[in-house]
Amino acid sequence: LQRMLNLSNPPRRIEGYDISHQSGTNVVGSMVVFLNGAAARSEYRKFKLRSQKNDDPASLREVIERRLKHLEDWGRPDLIVLDGGESQLNAVIDLLNAENIPYLAQEKSGNHTNILETHRILYKENDTYNFIIAQNEDFVKLITRIDTEAHRFAITYHSLLKRKNMLK
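As the structure is a computational prediction, the values presented were derived from the model and not from experiment.

**A closer look at the pairing of strand β2 (residues 25–35)**
Okay, step 1: Counting buried residues along β2, 9 of its 11 residues qualify, which places the element largely inside the surrounding structure.
Okay, step 2: Looking at chain direction, strand β1 (residues 13–22) and β2 are connected through 9 bridges and run antiparallel. Each bridged residue has a counterpart across the sheet, and for Glu15 the counterpart in β2 is Val33.
Okay, step 3: Bridge analysis of β2 against strand β4 (residues 45–48) gives 4 bridges, and the strand direction is antiparallel. By the bridge assignment, Met31 is partnered in β4 with Arg45.
Okay, step 4: Here β2 runs beside strand β3 (residues 38–39); their pairing, made up of 2 bridges, is antiparallel. The residue bridging Leu35 from the neighbouring strand is Ala38, located in β3.
Okay, step 5: Hairpin remark: β2 followed by β3, antiparallel, with 2 residues in the connecting loop; positive phi at Asn36, about 50°.

As C-alpha cells, this is what we get:
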C-alpha cells in the first residue's frame, strides 16, 4: 500500500466507509477503523444520513463531509478505503485531496464476503484513474477485510433502524 500510493509511511490508521439503505429509506453510513491492521471497534462511527435518497455517491459525500469535521478529536486517517467505484470516488475526491488524505476505492461485483474474488482497487494519480486487479496479495486481503467490516457495520445499523421504524 505504501509503495502503490506513494505514501511516506505505511498507513497505520485506515478507515473504511460504506453506505446502506433499502431503496433510499433508512439511509446510513459506516466508518470502521483499523489500527496497524487490526479492527479498533471503539473508534467505529455510524451516521444516519440527513438526505434520505437512493444516491450512494451523495450519501458517501455527506458521511465524508461530516467525518472531516472531526479530524482533531477522532484522529487523522493515513488512508481511507471507500466501498464502490469511480462514482463514489468522484463524489469525495475533492474533499480528501483538500485535506491531503490518501484514498482508494474497492470495486467488486457486489460480493462483500468472498475474499478469493478478484477485486479492482481504484486510486487516482495525476488526474488518471489507476487500478490494480488483484486477488491474493496481502494488501488486498486487508482492504477486503476493512471493506467487509464497513459493510457489516452499515448493514447492522440499517437493520436496527428498519426494525425501529417498523414498530412505530
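**Brief notes about the environment of Lys46**
Okay, step 1: Assignment of secondary structure puts Lys46 in strand β4.
Okay, step 2: Judged by its relative accessible area of 47%, Lys46 falls in the partly exposed class.
Okay, step 3: Residues Lys46 and Met31 lie 15 residues apart in sequence; the distance between their C-alpha atoms is 6.2 Å.
Okay, step 4: Leaving out residues up to four positions away in the same chain, Lys46 has contacts with Gly29, Phe153 and Tyr157.

**Side note on the pairing of strand β5 (residues 79–83)**
Okay, step 1: Here β5 lies mainly inside the structure; 5 of its 5 residues are buried.
Okay, step 2: Of the two faces of β5, the one carrying Leu79, Val81 and Asp83 and the one carrying Ile80 and Leu82 are both buried.
Okay, step 3: Two strands pair when backbone bridges link them, and β1 and β5 are joined in this way by 4 bridges, in the parallel orientation. The partner of Gly16 across the bridge, within β5, is Val81.
Okay, step 4: As defined by bridge partners, β5 adjoins strand β6 (residues 103–107) across 4 bridges and the pair is classed as parallel. When the sheet's bridge partners are listed, Leu82 is paired in β6 with Ala105.
Okay, step 5: Remark: the β5/helix α3 (residues 86–98)/β6 crossover connection has right-handed handedness.

**A short note on the packing of helix α1 (residues 56–68) against α3**
Okay, step 1: Orientation of α1 relative to α3, taken along the N-to-C sense of each, is 25°, at an axis distance of 8 Å. The angle between the axes of α1 and α3 places the two elements in the roughly parallel class. In the crossing of α1 with α3, the sense of the turn from one axis to the other is right-handed. Between α1 and α3, the residues in contact are Asp56, Pro57, Leu60, Arg61, Ile64, Glu65 and Leu68 and Ser87, Gln88, Ala91, Val92, Asp94, Leu95 and Leu96, respectively.

**Regarding α1**
Okay, step 1: Helix length check: α1, at 13 residues, gives a terminal C-alpha distance of 18 Å against a target of 18 Å (1.5 Å per residue), a fit within 8%.
Okay, step 2: Buried residues of α1: Pro57, Ser59, Leu60, Glu62, Val63, Ile64, Arg66, Arg67 and Leu68, and no others.
Okay, step 3: Those residues of α1 that are buried are in contact with β1, β2, β4, α2 (71–74), β5 and α3.
Okay, step 4: N-capping of α1 is provided by Asp55, with a side-chain oxygen placed 3.2 Å from the backbone N of Ala58.

Criteria and thresholds
The residue numbering used here restarts from 1 in each chain and proceeds along that chain's sequence as written. With the structure being a predicted model, the display of local features is reserved for residues of pLDDT at least 70 and the display and counting of side-chain atom pairs for 80 or more, all residues being used for whole-chain, interface and lining totals. Computation of side-chain values: all heavy atoms of the structure, hydrogens and water removed. Residue exposure (1.4 Å probe, protein chains only): buried if accessible area is under 20% of the type maximum, exposed if over 50%, otherwise partly exposed. Only DSSP runs of H or I reaching four residues or more are called helices, and only runs of E reaching two or more are called strands; each is numbered from the N terminus. Any two strands between which DSSP finds at least two bridges are classified as paired. A contact between two residues is defined here by any heavy atoms of the two lying within 4.5 Å. When the strands point away from the viewer, a crossover counts as right-handed if the route from the first strand across the helix to the second turns clockwise. The angle between two axes is taken between their N-to-C directions and runs from 0 to 180 degrees, where each axis is a line fitted to C-alpha atoms and a helix contributes only its stretch in contact. Here is the rule for angles: anything less than 35 degrees is roughly parallel, anything more than 145 is roughly antiparallel, 65 through 115 is roughly perpendicular, and the remaining ranges are oblique. Each crossing gets its handedness from the near helix: less than a right angle anticlockwise from the far helix is left-handed, clockwise is right-handed. Multiplying one less than the number of residues by 1.5 Å gives the expected span of a helix. Under this definition, polar contacts are N or O atom pairs within 3.5 Å; protein pairs additionally need one hydrogen-donor-capable and one acceptor-capable atom, and for neighbouring residues in sequence, both atoms have to be side-chain atoms.

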